[in-house]
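Each chain, written out:
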Amino acid sequence: MQVIKRILKSFLPIIQIVILGLVFFLFIRMIFMEKEIKFLQNKISHINNTNREVGNFEQEEILSITSASMEIIAIGIGLFALFGGFLSLINVNQSREMSETTKKAKHVLKNQRELSANRFLQEGRFYTSWNRPHYARESYELAIKHGRGTFSALVAEFALISMYADILSDKMDKLADVEKQFEGFIKELQEGKHYYRGRRYLRADSYFTLACIYANFVLSDIDISEKEKYAKKACKMFEYAIREDYTNPDIYRNYAAHLSVINKMSKCKKQIRLAQKYAKKDVLLAEFMDQNRLIDLFTLRGKRSVAEAKEILSMIGVVINNEKEERGEI
């Protein structure tokens, strides 16, 4: 297509000159043709008035003038048809160029929205790290507003909901609001078509966050029936998170810690093995299975002692080295 455009552009001046020459020729020829047509009309009128037969010479003269006139008319029609076709070709090319330009303009606008959303997203993260939730919320909302339809806007929406979850997750009376926000966000992620991989990871994080919230409620001082309800919800959300991202060891190890609370040790052992499996595949993920981090996780926010956490970890197949071995003193 680009080759055709270049050829058309290079020959365009020549074609224009040829068309102008032909138009000028037709214009001059039509002036003479008008005189010949008048002559022909007078000749035919004279013959009709005298009621005489037309001679051979007169017949040839009439036929010659008529034939020449018809040829000029045919040339004119052909020329204008050619000119019209040429204009149509130019219009088609211009239309395609306009379409490509429009697509590029849309792409530029989309990139601009992405950049704007990303800038506000980074602002929100800074304010969150400085424990300024009010400013963080405003930045996240601006990212969502200015980046509508972009992936950065989706990340900002998740960050905003997660910030609310971090603040309100310990308040049972606010749990319904947090659940509603996550449910709406997950539905939005499922209905969208773009950024499939990113949307899938955001769904995994959303399920994982809900699972951790439910698991924390199991550790709180509530009725046994309520604990059982939240324990089942936590298991369900952990499974959903694994379905979206089965390579994340952080999900498996937190799931294992939760299963140890509800005394499902065989499943707990299975999850910790999966966490070890995927942590070994990437050095960046090995930190999740650090011994001290695992012990801290299995103490369940002070509900267990360090000794109890070590005992459970040993029970499910995690090798626990003592501090002297870690320092190389033995």
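See the structure printed just above.
Let us look at the structure shown here. In this text the structure is predicted, and so the values were computed from the model without any measurement. (Residues numbered from 1 in each chain as written. Predicted model: local features only at pLDDT ≥ 70, side-chain atom pairs only at ≥ 80, totals over all residues. Heavy atoms only, no water.)

**Some points on the overall build of the chain**
Quick note on the threshold: Starting at the N terminus, helices and strands are each numbered in turn, a helix being any DSSP run of H or I of at least four residues and a strand any DSSP run of E of at least two. Note on exposure labels: buried denotes an accessible area under 20% of the residue type's maximum, exposed denotes more than 50%, and partly exposed covers the range between, all computed with a 1.4 Å probe on protein chains only. Note on definitions: a residue-residue contact is assigned when non-hydrogen atoms from the two residues lie within 4.5 Å. For the accessible areas, the method is Shrake-Rupley and the probe is 1.4 Å, while residue cover comes only from the protein chains on display.
On a plain count of helices and strands, the chain comes out with twelve helices and zero strands. In the chain, buried positions account for 34% of the 330 residues. Here the contacts in the chain between residues at least 6 apart in sequence split such that 58% fall between residues at least 24 apart. Counting only carbon and sulfur atoms, one obtains 57% of the accessible surface of the chain, whose full area is about 21,400 Å².

**Let's talk about the nonpolar core**
The line we're drawing: Here, nonpolar core refers to any group of buried Ala, Val, Leu, Ile, Met, Phe, Trp, Tyr and Cys residues whose side-chain atoms link them within 4.5 Å.
Tyr-140, Ile-272 and Phe-298 are the most contacted members of the largest nonpolar core, which has 65 residues in total. Per-element accounting of this core gives the leading share, eleven residues, to helix α6 (residues 196-219). Ignoring sequence-local partners within four residues, the contact set of Tyr-140 consists of Leu-121, Gly-124, Arg-125, Thr-128, Ala-156, Ala-159, Leu-160 and Met-163.

**Considerations on helix α4 (residues 151-168)**
Which entries qualify depends on this criterion: Expected span of a helix, by definition, is 1.5 Å for each gap between consecutive residues, and there is one gap fewer than residues. In protein, a polar contact means a hydrogen-donor-capable atom and an acceptor-capable atom, both N or O and within 3.5 Å, with residues adjacent in sequence counting only if both atoms are side-chain atoms; elsewhere, any N or O pair within 3.5 Å suffices.
Given a rise of 1.5 Å per residue, 18 residues ought to cover 26 Å, and the 26 Å separating the end C-alpha atoms of α4 matches this to within 8%. Most of α4 sits inside the fold, with 14 of its 18 residues counted as buried. The backbone nitrogen of Ala-153 lies 3.3 Å from a side-chain oxygen of the residue at the head of α4, namely Thr-150.

**Focus on the packing of aromatic side chains**
Cut-off, in case you're wondering: Geometry of aromatic contacts follows a simple scheme: Phe, Tyr and Trp rings, the Trp one being its six-membered ring, pair when their centres are within 6.5 Å, and the pair is stacked under 30 degrees between planes, edge-to-face over 60, tilted otherwise.
Evaluation of the coordinates by the stated rule reveals twelve aromatic pairs. Ring centres of Phe-151 and Tyr-195 lie 5.8 Å apart, and the angle between their planes is 45°; on these two criteria the pair is classed as tilted. Of this pair, Phe-151 sits in helix α4 while Tyr-195 is found in the loop between α5 (175-191) and α6, placing the two residues 44 residues apart along the sequence. On the basis of an interplanar angle of 20° and a centroid distance of 6.0 Å, the ring pair of Tyr-214 and Tyr-230 is categorised as stacked. With a gap of 16 residues between them, Tyr-214 in helix α6 and Tyr-230 in helix α7 (residues 224-244) connect regions that are remote in the sequence.

**Quick look at unusual backbone geometry**
A positive phi angle is found at Asn-131, which is not glycine, with a value near 60°. Structurally, Asn-131 is set in the loop between α2 (56-129) and α3 (133-146). A relative accessible area of 60% places Asn-131 in the exposed class. One non-glycine residue with positive phi stands out, namely Asn-263, at about 65°. Here Asn-263 lies in the loop between α8 (249-261) and α9 (265-280).

**Observations concerning α5**
Convention followed: Think of it as the arc spanned by the lines of direction from the helix axis to the C-beta atoms.
Its 17 residues place the ends of α5 24 Å apart at the C-alpha level, agreeing with the 24 Å of an ideal helix rising 1.5 Å per residue. Considered for burial, the residues of α5 that qualify are Leu-175, Val-178, Glu-179, Phe-182, Phe-185, Ile-186 and Leu-189. An end-on view of α5 places all buried positions within 135° of arc, on one side of the element. Along α5, exposed side chains directed more than 90 degrees from the buried face belong to Ala-176, Lys-180, Glu-183 and Glu-191. On its buried face, α5 is in contact with α4, α6 and α7.

**Let's talk about the pattern of salt bridges**
Put simply, the test is: Whenever Lys or Arg places a side-chain nitrogen within 4 Å of a carboxyl oxygen from Asp or Glu, that contact is recorded as a salt bridge.
Per the stated rule, a full pass over the model turns up six salt bridges. Notably, a salt bridge pairs Glu-179 with Lys-233, separated by 3.4 Å at the nearest N-O pair. Of this pair, Glu-179 sits in helix α5 while Lys-233 sits in helix α7; the two residues are 54 residues apart in sequence, bridging distant segments of the chain. Accessibility expressed as a relative area gives 31% for Lys-233, which makes it partly exposed. As a salt-bridge pair, Arg-203 and Glu-244 come within 3.1 Å of each other at their nearest N and O atoms. Taken together, the residues Arg-203 in helix α6 and Glu-244 in helix α7 connect sequence positions 41 residues apart. The buried category is assigned to Glu-244, whose relative accessible area is 9%.

**Digging into the packing of α3 against α4**
Here is the rule we go by: Lines are fitted to the C-alpha atoms to define the axes, a helix being fitted only along its stretch in contact, and any angle between axes, read from their N-to-C directions, falls within 0 to 180 degrees. Note that the term roughly parallel is reserved for angles under 35 degrees, roughly antiparallel for angles over 145, roughly perpendicular for angles of 65 to 115, and oblique for everything else. Left-handed describes a crossing whose near helix is turned anticlockwise from the far helix through less than a right angle; right-handed describes the clockwise counterpart.
Running from N to C, α3 and α4 cross one another at 155°; their axes reach a closest spacing of 8 Å. With respect to α4, the axis of α3 lies roughly antiparallel. With respect to the hand of their crossing, α3 and α4 are arranged in left-handed fashion. Residues Pro-133, Ala-136, Arg-137, Tyr-140, Glu-141, Ala-143 and Ile-144 of α3 touch α4, and the partners they reach there are Ala-153, Ala-156, Glu-157, Ala-159, Leu-160, Met-163, Tyr-164 and Ile-167.

**As for the side chain of Arg-199**
Convention followed: Asp and Glu count as negative and Lys and Arg as positive, but His and the ends of the chain are not part of the count.
Relative to the helices and strands, Arg-199 is located in helix α6. Glu-188 provides the closest opposite charge to the buried, unpaired Arg-199, separated from it by 5.8 Å. Only 3.2 Å separates the side chain of Arg-199 from the backbone oxygen of Glu-188, close enough to count as a polar contact. Apart from the residues lying within four places of it in its own chain, the contact partners of Arg-199 are Phe-151, Leu-154, Glu-188, Leu-189, Gly-192, Lys-193 and His-194.

**Some thoughts on the side chain of Arg-304**
Note that Arg-304 resides in the loop between α10 (291-298) and α11 (306-315). Of the side chains with opposite charge, Glu-308 lies nearest to the buried Arg-304, which makes no salt bridge, at 5.7 Å. Among the polar contacts listed, one links the side chain of Arg-304 to the side chain of Ser-260, at a separation of 3.1 Å. Here Phe-298 takes part through its backbone oxygen, which lies 3.0 Å from a polar atom of the side chain of Arg-304. Apart from the residues within four sequence positions on either side, Arg-304 is in contact with Ser-260, Val-261, Phe-298, Thr-299 and Ile-312.

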